[in-house]
Amino acid sequence: MTAPTRTRPTPAERPGTMWPSPPGALRVRPLPRETAASYLTRLAAAYHLAPAHLLDGLHITATGTPAAPHATELHLSCEAARRLAAFTRIPPAHLDRALTRRPPPATAPTATARWQPLAPAVQPLRACTTCTLRRPPHHAAPAWIHPAPDLPRAMICTRHQQASSDPRQRTPLDIRTLPELTHARLTARRPPTTASLSWATTITTRWYDHHQHLHNRWHTRLHQLTTANPHLTHGPASPALTCRNLITYPETLTLAATLDRLPRHTPLTRTQQTAFLHHLAGRLHLPRLAPADHDLLWQRLTTR
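Since we're looking at a predicted model, the values are computed, not measured.

1. Comments concerning the packing of aromatic side chains
Scanning all chains against the criterion turns up two aromatic pairs. Summarising the aromatic geometry, the rings of Tyr47 and Phe87 are spaced 5.7 Å apart at their centres and angled 50° between planes, so their arrangement reads as tilted. With Tyr47 in the loop between helix H1 (36-46) and helix H2 (51-57) and Phe87 in helix H3 (residues 78-88), this residue pair connects regions lying 40 residues apart in the sequence. Under the relative-accessibility criterion, Phe87 is labelled buried at 12%. Geometrically, the ring pair formed by Tyr208 and Trp218 is tilted, given 5.9 Å between the ring centres and 50° between the ring planes. Residue Tyr208 is located in helix H7 (residues 194-209), and its partner Trp218 is located in helix H8 (residues 215-228); the two are separated by ten residues in the primary sequence. Across this residue pair, the class does not change: Tyr208 and Trp218 are buried.

Here it is, written out as structure tokens:
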């Protein structure tokens, strides 16, 4: 009697298989700090699907109203995240590391996904187009990433000389004419503390809005940006507003690093304040720095 032929077990029959159906044929790699909504949208586009159809195909129940990838985030339950990782053939730990700002998984034991609107202040920024194209399957679907949490709110790709600083900028900006932006990003080896970065951002924003101290330099930088990126003038908002974080980027980093050197819990004497302003003026390449009495920098110098 002939022994029966033994066939190899299917994926559904193998013990410990994460997903009973074959995984996706296309490898779509996430970018560092990419949002879950952006990644799912790019993954679906690789299969010429809408995100809702891809979620349905993975048997993930979606709630909420999806919008543009930069305006919504996708909250995945643990089971939904597991199915997404299995389909993409990316280990869950690797996917979690890439999508670092992904919201905590929902506690539901089932595979669920919820679209959650994002406030403009925390919306992601447009990723470098060249970096996106280098990720398989090499199609031009846009990607949206969160800026680094320990740096001013801007995306600067030092390799491909692209940057963005506002969700309303649907295309990254060409910054090849502004080498100081790349230099500031490359030399920020030691990120400033959260408190100093917050103070520095608030102070430089006030200086920018009130045309103080560095106005001529920042005005020139804005002119260079709009000249290299003529589409900015046709955007939904003024380039002076959407590019503010980018224009003040080097000086904000310099001010934050300088504030980190101040002694903690000890107010400065008048002599120390004068010495600090002299030192800061040198760091900012200014002949002198004389803030008005209502300047926020004085508030920081007198705060313990």
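2. A look at the pattern of salt bridges
Considering all chains together, one arrives at nine salt bridges under this definition. Where Arg217 meets Glu251, a salt bridge forms, and the shortest distance between an N and an O atom there is 3.1 Å. With Arg217 in helix H8 and Glu251 in helix H11 (residues 249-259), this residue pair connects regions lying 34 residues apart in the sequence. Taking the relative accessible area as the measure of exposure, Arg217 reaches 26% and is therefore partly exposed. The residue Arg221 makes a salt bridge to Glu251 at a minimum N-O spacing of 2.9 Å. With a gap of 30 residues between them, Arg221 in helix H8 and Glu251 in helix H11 connect regions that are remote in the sequence.

3. Details of H8
A rise of 1.5 Å per residue sets the reference length of H8, with its 14 residues, at 20 Å; its end C-alpha atoms lie 20 Å apart and thus fit the reference within 8%. For H8, the complete set of buried residues consists of Trp218, Arg221, Leu222, Leu225 and Thr226. Down the axis of H8, the sector holding all buried residues measures 130°, keeping them to one side. In this structure, H8 carries Asn216, His219, His223 and Thr227 as exposed residues pointing more than 90 degrees from its buried face. Those residues of H8 that are buried are in contact with strand S8 (173-174), helix H6 (179-186), H7, helix H9 (239-242), helix H10 (244-247) and H11.

Scoring rules and cut-offs
- Residues numbered from 1 in each chain as written.
- Predicted model: local features only at pLDDT ≥ 70, side-chain atom pairs only at ≥ 80, totals over all residues.
- Heavy atoms only, no water.
- Phe/Tyr/Trp six-rings, centres within 6.5 Å; stacked < 30°, edge-to-face > 60°.
- Helix = DSSP H or I, 4+ residues; strand = E, 2+ residues; numbered from the N terminus.
- Buried < 20%, exposed > 50% of the residue type's maximum accessible area, 1.4 Å probe, protein only.
- Salt bridge = Lys/Arg side-chain N within 4 Å of Asp/Glu carboxyl O.
- Expected span 1.5 Å × (residues − 1).
- Arc of directions from axis to C-beta.
- Contact = heavy atoms within 4.5 Å.

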